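Coordinate inspection notes
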Amino acid sequence: MILNLDFNSDVPIYTQIKEQIIKSIARGDLKINESLPSVRIMAEEIGVNLHTVNKSYNLLKDEGYINIDRRKGAIVNTLPLAKKEDNMEKIKSMLELLTAQSYLLGMTREEFLNCSNEFFDGYEVKHYE
């Protein structure tokens, strides 16, 4: 599994790992029921402390992206993760902040929507069929 981490970023490494795995699941690079590398192996591959990877995996588990089984390890959860309605307020809150940041950074509505459409199109993998 290839993760593009920026060790000079202000974003904590555990957050970067979590976000990279979420994107990999959304793109279909990681499939339903696919096993992730063990915490120890992942830590060795990317050169970080195993507690950093463990924190990422636990956050992914808490958010429903993966299941962790003592025998099988970390496994990509069944999709969709939850009903859209159950997460709509969380999604709206995150989108509101992203919209505000984009606006303050000078992005136009058209640029924002085009960028959003481009990203969304990249994630429209046939997970749910």
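Computed from a prediction, not measured in an experiment: that's the story for all the values here.

Calculation criteria
Residues numbered from 1 in each chain as written. Predicted model: local features only at pLDDT ≥ 70, side-chain atom pairs only at ≥ 80, totals over all residues. Heavy atoms only, no water. UniProt positions renumbered as here; feature names shortened; annotations may be inferred. Helix = DSSP H or I, 4+ residues; strand = E, 2+ residues; numbered from the N terminus. Salt bridge = Lys/Arg side-chain N within 4 Å of Asp/Glu carboxyl O. Buried < 20%, exposed > 50% of the residue type's maximum accessible area, 1.4 Å probe, protein only.

**Some thoughts on the UniProt feature "domain: HTH gntR-type" (unreviewed entry) in the protein chain**
- UniProt marks residues 11–79 with the feature "domain: HTH gntR-type" (unreviewed entry), using the numbering shown here.
- Spanning residues 11–79, this segment combines 52% helix with 12% strand, and its end C-alpha atoms are found 27 Å apart.

**Overview of the pattern of salt bridges**
- Evaluated as defined, the whole model comprises three salt bridges.
- Measuring nitrogen to oxygen at the nearest pair gives 2.7 Å for the salt bridge that ties Asp-29 to Arg-27.
- Relative accessible area serves as the criterion here: at 35%, Arg-27 is assigned to the partly exposed category.
- In this structure, Asp-69 and Arg-71 form a salt bridge, with 3.4 Å as the shortest nitrogen-oxygen distance.

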